[in-house]
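Each chain, letter by letter, is given below.
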Amino acid sequence: MYSAAEALAEGGVLARAINAFAPRQQQQDMAEQVALSLEQRSMLVCEAGTGTGKTFAYLVPALMSGKKVIISTGTKNLQDQLFHRDLPVVRKALGIPVVPALLKGRANYLCLHRVESVTIGAGGISHRMQQHLSRVMAWKGRTLSGDISEVSDVPENSPIWPLVTSTTENCLGQDCPQWSDCHVVKARREAMDADIVVVNHHLFLADMSLRETGFGEVLPGADAVVFDEAHQLYELASRFFGDTISSRQLLDLCRDANAALRTEAGDMPELETASGKLEKAVRDFRLSMGHENERGAWHQLSESAAVMSAQESLASALSLLATGLGRIAERGRDLESVARRAASLHSLLHSYVEGKAELPESDKQALSSAESDEDMEHNETEPADTGVTELVQWYEINNRGFLLHATPIDVAAAFRSRRAHYNCS
């Protein structure tokens, strides 16, 4: 049996199977180190220059290892390229019957329940969105995966997609009447049975956060994880391990609340009015923040009387809707879902503007432990600094809306804490 480096060498199986394959010593060296790391269940960091062929350098040893491996990429485009182009080529060249699976976040799959709801109330959407919806409906009957990237004639930024896909906030889970046919559920089942699972960093971090809560997991267990473009993890984790409130979240809540009210509480027109007030408050708050696209510290905006007035109106409108939805949540699954989201967003907004946003308790403990360890190792005579700010509050505004972030300064301890849930290299 040949090694991973030999498979990539001149005259190796890759050279024999792929036209114009060019053996590269750096690629072979990297493959050898990856194979060794997989065998020893150790951690490996590789920096490979352009032209090294790093994708094949980790795919070959991963497939040859016989282990269950999760491969996480920086973007969905790279994820699709890896799964549909690179992985089949390497698998065929090696002749190894591994079972691959592609898994994305739920917002990348058609939601059968939500697309049905949109169809029922389709008269309220624009002519352009009607056209896009017609294309989605035609594809709906053909697709096996439900992956919306298959619909090439509907733009990725089409406003129809949020209406026919789900998010963590609006998914009904096992209460959904379409649960047994759900494309997300099917994709996750395939991932559970696969040998090689291709995901992206966003999904991996989402799984980390879900495991931390103790309420389940998205990804299957694995023997090893490969991060392609790992340098992107820090910025993504900084946002993922904090909190964000966005205009999109709030406007999506208004839209979903209206849909739920029409189907499950048609006798409550005052709540649709409350939803309309929240939608206006969201837009007014964005206007109060200025017209330029920018980022900045939240305290800079919080000194503006106009921003504070708009923020108070926003909080008041959100509270009104959350309270109203909470009173009738038991009438239906969709109402229960939007009521829960409204309450959560109201609590998050209140904590943010009061400056009380905090890291999850588990992350606090991890950070405290890490600080103690570093203190013992590097400075045995002085106590650890307990006055370090754990979160930074900042904002982003653009033409589409706003985002309010509460971001950890240091994500290393939180990442280590969550990584402990994965018993792999």
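Scroll up to find the structure this text is about.
Quick caveat: nothing in here was measured; it's all calculated off a predicted structure.

A. Up close: the overall build of the protein. Along its length, the protein carries 18 helices and eight strands. The 425 residues of the protein split such that 46% are buried. Excluding contacts between residues fewer than 6 apart, the proportion of contacts in the protein whose partners are at least 24 apart in sequence is 75%. Roughly 22,100 Å² of accessible area belongs to the protein as shown, and the carbon and sulfur atoms make up 50% of that amount.

B. Just the sheet that holds strand 5 (residues 243-246), in detail. Across the sheet, which stays open at both edges, the four strands sit in the order 5-8-7-6 with antiparallel pairing between neighbours. Looking at the sheet topology across the chains shown, the edges are occupied by strand 5 and strand 6 (294-297). The average undirected angle you get between the axes of adjacent strands in this sheet is 15°. Direction of pairing for strand 6 relative to strand 7 (residues 391-398): antiparallel, over a ladder of four bridges. By the bridge assignment for strand 7, Arg 295 is matched with Glu 396.

C. Examining the side chain of Asp 228 more closely. By the secondary structure assignment, Asp 228 is in the loop between strand 4 (224-227) and helix 11 (233-240). Apart from residues no more than four positions distant in its own chain, Asp 228 is found in contact with Lys 54, Thr 55, Tyr 58, Ser 72, Thr 73, Gly 74 and His 201.

D. View of the side chain of Thr 73. Within the secondary structure, Thr 73 is located in strand 1 (residues 69-73). Polar side-chain contacts of Thr 73 include one of 3.4 Å to the backbone nitrogen of Gln 79. In this structure, Thr 73 is in contact with Leu 78, Gln 79, Leu 82, Val 199, Asn 200, His 201 and Asp 228, ignoring residues within four places of it in sequence.

E. Region of the structure containing the sheet that holds strand 2 (residues 100-102). Here four strands make up an open sheet; going across it, the order is 2-3-1-4 and the pairing parallel. Edge positions in the sheet fall to strand 2 and strand 4, since each of these pairs with one other strand and no more. Within the sheet, the average angular offset between the axes of one strand and its neighbour, ignoring direction, is 20°. Pairing of strand 2 with strand 3 (residues 196-200) involves three bridges; the strand directions are parallel. Paired with Leu 102 across the two strands is Val 198, which belongs to strand 3. The strands touched by helix 4 (residues 54-64) are strand 1, strand 3 and strand 4; relative to strand 1, the strand with the most contacts, the crossing angle is about 160°.

F. Structural context of the environment of Arg 340. With respect to the helices and strands, the residue Arg 340 is situated in helix 16 (residues 333-353). In this structure Arg 340 comes out as partly exposed when scored by relative accessible area, which is 47%. With 14 residues separating them along the chain, Arg 340 and Gly 326 place their C-alpha atoms 7.6 Å apart.

G. Structural context of the pairing of strand 7. In terms of burial, strand 7 is largely enclosed, as six of its eight residues are buried. Note that strand 7 and strand 8 (residues 401-408) share eight bridges and pair antiparallel. Directly across from Leu 391, in strand 8, lies its bridge partner Pro 408. Linking strand 7 to strand 8, which pair antiparallel, is a turn of two residues.

H. Quick look at helix 5 (residues 76-94). Taking 1.5 Å of rise per residue, the 19 residues of helix 5 would be expected to cover 27 Å, and the 26 Å separating its terminal C-alpha atoms lies within 8% of that figure. Along helix 5, the sharpest kink reaches roughly 40°, centred on Leu 82. Taken as a whole, helix 5 has its buried residues at Gln 79, Asp 80, Leu 82, Phe 83, Asp 86, Leu 87, Val 90, Ala 93 and Leu 94. One or two positions beyond helix 5, positive phi appears at Gly 95, with a value near 70°.

I. Just the packing of aromatic side chains, in detail. This structure, assessed with the given rule, holds three aromatic pairs. Taking the centre distance of 4.9 Å and the plane angle of 90° together, the rings of Phe 285 and Phe 402 count as edge-to-face. Of this pair, Phe 285 sits in helix 13 (residues 269-288) while Phe 402 sits in strand 8, and the two are 117 residues apart along the sequence. Here Phe 285 and Phe 402 have matching classes, each one buried. Ring centres of Trp 298 and Tyr 352 lie 5.4 Å apart, and the angle between their planes is 65°; this geometry places the pair in the edge-to-face category. With Trp 298 in helix 14 (residues 298-302) and Tyr 352 in helix 16, this pair connects stretches of sequence that are 54 residues apart.

J. Representation of the packing of helix 3 (residues 25-40) against helix 4. One can describe the packing of helix 3 onto helix 4 by two numbers: an axis separation of 8 Å at closest approach and a directional angle of 35°. Along this stretch, helix 3 crosses helix 4, giving a crossing that reads as right-handed. Note on element contacts: helix 4 touches helix 3 through Lys 54, Phe 56, Ala 57, Tyr 58, Pro 61 and Ala 62, opposite Gln 27, Met 30, Ala 31, Val 34, Ala 35 and Leu 38. Broken down by class, the residue content of the contact of helix 3 with helix 4 amounts to 10 nonpolar, one polar and one charged.

Each value, and the rule that gives it
- Residues numbered from 1 in each chain as written.
- Predicted model: local features only at pLDDT ≥ 70, side-chain atom pairs only at ≥ 80, totals over all residues.
- Heavy atoms only, no water.
- Helix = DSSP H or I, 4+ residues; strand = E, 2+ residues; numbered from the N terminus.
- Buried < 20%, exposed > 50% of the residue type's maximum accessible area, 1.4 Å probe, protein only.
- Contact = heavy atoms within 4.5 Å.
- Areas by Shrake-Rupley, 256 points an atom, 1.4 Å probe, with all protein chains shown as cover.
- Pairing = 2+ DSSP bridges.
- Axes fitted to C-alpha atoms, helices over the stretch in contact; angles between N-to-C directions.
- Polar contact = N/O pair within 3.5 Å; in protein donor to acceptor, adjacent residues only side chain to side chain.
- Expected span 1.5 Å × (residues − 1).
- Bend = angle between axes of the 7 residues up to and from the residue.
- Phe/Tyr/Trp six-rings, centres within 6.5 Å; stacked < 30°, edge-to-face > 60°.
- Left-handed = near helix turned anticlockwise from the far one by under 90°.
- Nonpolar A, V, L, I, M, F, W, Y, C, P; charged D, E, K, R; others polar.

Scope: geometric values only; no functional claims are made or implied.
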